[in-house]
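Now for the letters of each chain:
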Amino acid sequence: MRFNQRALYAVAEQCGGVADREGILFIKENTGLFRRPNYVQRWFRLKGNILFYLKSSDKTSIPVGAFLLERCRVRMDPSNEKSQFAFVLLFESDDTPCSFFCFSDKEREEWVSVLKKASYEGLRATLSDLRRQLLDLTGEDPLADDFIPLCPPIAHTDVGSVNSTKACTHPHTLYPDM
């Protein structure tokens, strides 16, 4: 995937209360001398449908990677070997899940909820649902004049089972380990 690195840095670093969610998460990465999978504590910042992760757990450190949250699923991962507060990102084009964990169940639920809503598909499904509710209540489609078709959400293909033994290295990572 091609992208403008400076523009992505600029988007990631704009922090005047603009981020949809930010905080510390642990992510499974290949680290160390023998590149073994290990969990690393990092600061994460969600802006729209891009989940940035920074070099350290300090929110002022530089971005080292990003996930484009399209065509993916977010699932709880109760079988995680490191934490009971784990979840995974599963992308349609890759069978390797990206494993994360939080400090508490409440944090995990908040992250999973916001990540599920972050994609264009999630926003489209929410818009469609709200339009149907308004149509049922008022008998009129509020956006009928805007030529936006009232569509069902885009169907997803099955992305396979959760296998959290692999570290996250897949094509949806925009700029890993710069």
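Structure report, in brief.

**Regarding helix α2 (residues 105-117)**
Then, number 1: End to end, α2 covers 19 Å across 13 residues, agreeing with the expected 18 Å (1.5 Å per residue, within 8%).
Then, number 2: Along α2, the residues classified as buried are R108, W111, V112, V114 and L115.

**A few points about the side chain of S83**
Then, number 1: Topologically, S83 is positioned in the loop between β5 (72-76) and β6 (86-91).
Then, number 2: In terms of polar contacts, S83 uses its side chain to reach the backbone amide nitrogen of F85, at 2.9 Å.
Then, number 3: Once you skip the residues sitting within four places of it in the chain, S83 turns out to touch D77, F101 and C102.

**As for helix α3 (residues 120-138)**
Then, number 1: Over its 19 residues, α3 extends 26 Å from the first C-alpha to the last, a length consistent with the 27 Å expected when each residue adds 1.5 Å.
Then, number 2: For α3, every residue scored as buried is listed here: E121, G122, S128 and R131.
Then, number 3: Directly beyond the C-terminal end of α3, a positive phi value near 80 degrees is found at G139.

**Thoughts on the pattern of salt bridges**
Then, number 1: One pass over the structure, following the stated rule, counts 8 salt bridges.
Then, number 2: Ionic pairing is found between E110 and R21, a salt bridge with its closest N-O pair at 3.2 Å. One end of the pair, E110, is in helix α2; the other, R21, is in strand β1 (residues 21-31), and 89 residues separate them in sequence.
Then, number 3: With a shortest N-O distance of 2.7 Å, E121 and R71 are connected by a salt bridge. Highlighted residues: E121 in helix α3 and R71 in the loop between β4 (63-68) and β5, separated in sequence by 50 residues.
Then, number 4: Taking the relative accessible area as the measure of exposure, E121 reaches 8% and is therefore buried.
Then, number 5: Take R71: its relative accessible area is 34%, and that puts it in the partly exposed class.

Here is what the cut-offs are and how they apply
Residues numbered from 1 in each chain as written. Predicted model: local features only at pLDDT ≥ 70, side-chain atom pairs only at ≥ 80, totals over all residues. Heavy atoms only, no water. Helix = DSSP H or I, 4+ residues; strand = E, 2+ residues; numbered from the N terminus. Expected span 1.5 Å × (residues − 1). Buried < 20%, exposed > 50% of the residue type's maximum accessible area, 1.4 Å probe, protein only. Polar contact = N/O pair within 3.5 Å; in protein donor to acceptor, adjacent residues only side chain to side chain. Contact = heavy atoms within 4.5 Å. Salt bridge = Lys/Arg side-chain N within 4 Å of Asp/Glu carboxyl O.

The values reported here are purely geometric and, on their own, carry no functional implication.
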